[in-house]
Every structure is written in C-alpha cells, then in structure tokens.
Amino acid sequence: DISNAGSTGNTIAGNYIGTNVDGTADLGNTGSGIFLHDSASQNTIGGTSDGLRNVVSGNDGGGILLTDSSTNTISGNYVGTSASGLADLGNTFDGIKLSDGSASNTIGGTTDGARNVISGNSNSGVSTDGGGTPAGSNNVIQGNYLGLGSDGVTDVGNDQNGIGLYDADDTIVGGTSAGARNVISGNTSNGINISDAYADLGGINKIQGNYVGVAADGLTAMP
C-alpha cells in the first residue's frame, strides 16, 4: 500500500505477492496484491531484468490497483500466473486496474524485459474504470502478453477481457513498432473492449499494432 502525494520514487521489485515461496501455490492476500492510491506518483513496480520481476498472483482482490495515481511504471511482472509464467494462479479481480484519474502511467514497454505477463485473472487482464468519469488520460499499455503464458504460446486466458477500457481518455494500446505490440489472446470474453470512451473530451484512444487472437508468433490461433 503506497499512498498520498509524498509517496514518490519508490520501487517494488523482486517479490512474490500472494503466492508461496516457490511461486507455485495460491496464498493470496484478502485485498489487492499492490495498491497505489491518493496521488502516489513516479513509483516503479518491477523492472526490466528477471531479478526485478514481481509475481503478483492469487490475491482475493486485484493484482495491482492504481487509484488517483499517476506517472507510475509497471514493467516486467507476472500478474496472475505462477513464477514460471506458465500456470494459472489468477487474482480474483483484474490483473492491473487504473481508476479514478490515474493518468500517464506505463504498463509494459517496448523491450522484452519490460513485458508484463498478465494472465489467468478472474476479471480482465488490464482495465480502466472511472465510475462514470474519466479514469485517467495518457496511459500507455505496450509490449505485454495478456492471456498467454511467458512463452507466448501457452493459453492462460483471463476470464473476461484481455483489456477493458471503460471511461478511458487518450489511452494508447500498442504502437507502431514491433516492440510496442501487445499479444492479447486466449481470453474468455473480448480481446479488447472499449466502453464509454471520452473522445468527446478531446482524448483519442489508439489501438495500434497488436496481435489479438493469435500466439506471439502471429500464426498460431489462440482465439
């Protein structure tokens, strides 16, 4: 739990949150695994090397929840899987959720090390939700596996959407380079679902360059 405007520059890295010490069994917390709220900013969850990876799985709330928190980076984590990234240890709600004005956050990145594996969760892999007001603008979701294992081919689908953008404003999902591509496959509901987007406020959500419904090779069907 990291909260309030003074909570900046913190790093959460290399932890098993909600699993046993081997990362193979569910010992989940009753709430979210990681919770940033009330203007927590410029914090880093994970990193781009294996040793910085958090395994955030098996929790009775969501995996990682940001509420009214901006300019944070979430990269290189396994959210909803075992430590191998291949078995389902899903969180009960969303893998990662941005809500209530959480803006300019980055989920993933354009290098292999920055990739989050966000799979096996009982709700969506990633969601935004503002409760009828903008959830937050200028968030970037790039380079992740959503519904796949860490090998890019094992089906570890989320039980709802791969990505659910509700009340989203000016969100970028993917990008124009290969490294920015999300692979969003194997999920029980939609690959990407957009509802109540705030384009009328001037923000334009962009879905670019992703693979949806196939494995990371772009050839193997994983609907």
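Residues numbered from 1 in each chain as written. Predicted model: local features only at pLDDT ≥ 70, side-chain atom pairs only at ≥ 80, totals over all residues. Heavy atoms only, no water.

Draft legend 1. Molecular detail of a negative patch on the surface. Together, Asp-1, Asp-38, Asp-68 and Asp-100 line one region of the surface with negative charge. The topology assignment puts Asp-38 in the loop between strand E4 (34–37) and strand E5 (44–46). (Patch = residues over 30% accessible without salt bridge, like charges linked within 9 Å, V, L, I, M, F, W, Y side chains within 5 Å. Areas by Shrake-Rupley, 256 points an atom, 1.4 Å probe, with all protein chains shown as cover. Salt bridge = Lys/Arg side-chain N within 4 Å of Asp/Glu carboxyl O. Lys, Arg positive; Asp, Glu negative; His and termini not counted. Charge placed at Lys NZ, Arg CZ, Asp CG, Glu CD. Helix = DSSP H or I, 4+ residues; strand = E, 2+ residues; numbered from the N terminus.)

Draft legend 2. Focus on the pattern of salt bridges. A full pass over the atoms with the stated rule returns three salt bridges. Where Lys-97 meets Asp-129, a salt bridge forms, and the shortest distance between an N and an O atom there is 3.7 Å. Of this pair, Lys-97 sits in strand E10 (residues 96–99) while Asp-129 sits in strand E13 (residues 126–129), placing them 32 residues apart in sequence. Relative accessible area serves as the criterion here: at 25%, Lys-97 is assigned to the partly exposed category. Residue Asp-129 is classed as partly exposed on the basis of its relative accessible area, which comes to 27%. (Buried < 20%, exposed > 50% of the residue type's maximum accessible area, 1.4 Å probe, protein only.)

Draft legend 3. Examining the sheet that holds strand E7 (residues 64–67) more closely. The seven strands lie next to each other as E1-E4-E7-E10-E13-E16-E19, forming an open sheet whose pairing is parallel. The open sheet terminates on both sides in strands that have one partner only, identified here as strand E1 (2–3) and strand E19 (192–195). Inspection of the sheet shows strand E16 (residues 163–166) paired to E19 by four bridges, in the parallel sense. In the sheet register, Leu-165 faces E19, and the bridge partner there is Ile-194. (Pairing = 2+ DSSP bridges.)

Draft legend 4. Here's a closer look at unusual backbone geometry. Unlike most non-glycine residues, Ser-39 shows phi in positive territory, near 75°. The backbone phi angle of Asp-100 is positive, close to 55°, even though this residue is not glycine. Checked against the element boundaries, Asp-100 lands in the loop between E10 and strand E11 (106–108). By relative accessible area, Asp-100 is classed as partly exposed at 41%.

Draft legend 5. Just the sheet that holds strand E17 (residues 172–174), in detail. With respect to topology, seven strands assemble into an open sheet ordered E2-E5-E8-E11-E14-E17-E20, the strand pairing being parallel. Two strands in the sheet have a free side with no partner beyond their single neighbour: strand E2 (11–12) and strand E20 (206–208).

Draft legend 6. View of the packing of aromatic side chains. Applying the stated criterion across every chain, the model contains zero aromatic pairs. Above the plane of the ring of Tyr-145 lies Arg-115, whose end atom (NZ or CZ) is 4.2 Å from the centre. When the ring centre of Tyr-211 is taken as reference, the NZ or CZ atom of Arg-181 above it lies at 4.0 Å. (Phe/Tyr/Trp six-rings, centres within 6.5 Å; stacked < 30°, edge-to-face > 60°. Lys NZ or Arg CZ within 6 Å of the ring centre and 35° of its normal.)

Draft legend 7. Structural context of the environment of Ala-216. Structurally, Ala-216 can be placed in the segment after strand E21 (211–212). Given the relative accessible area of 28%, Ala-216 is considered partly exposed. It is 23 Å that separates the C-alpha atoms of Ala-216 and Ile-194, two residues lying 22 residues apart in sequence.

Draft legend 8. Region of interest: the side chain of Ser-99. Looking at the secondary structure, you find Ser-99 in strand E10. Overall, the relative accessible area of 7% leaves Ser-99 in the buried class. At 3.1 Å, the side chain of Ser-99 forms a polar contact with the side chain of Thr-67. Aside from chain neighbours lying at most four places away, what touches Ser-99 is Leu-65, Leu-66, Thr-67, Asp-68, Asp-129 and Ala-135. (Polar contact = N/O pair within 3.5 Å; in protein donor to acceptor, adjacent residues only side chain to side chain. Contact = heavy atoms within 4.5 Å.)

Nothing here speaks to function; it is all geometry.
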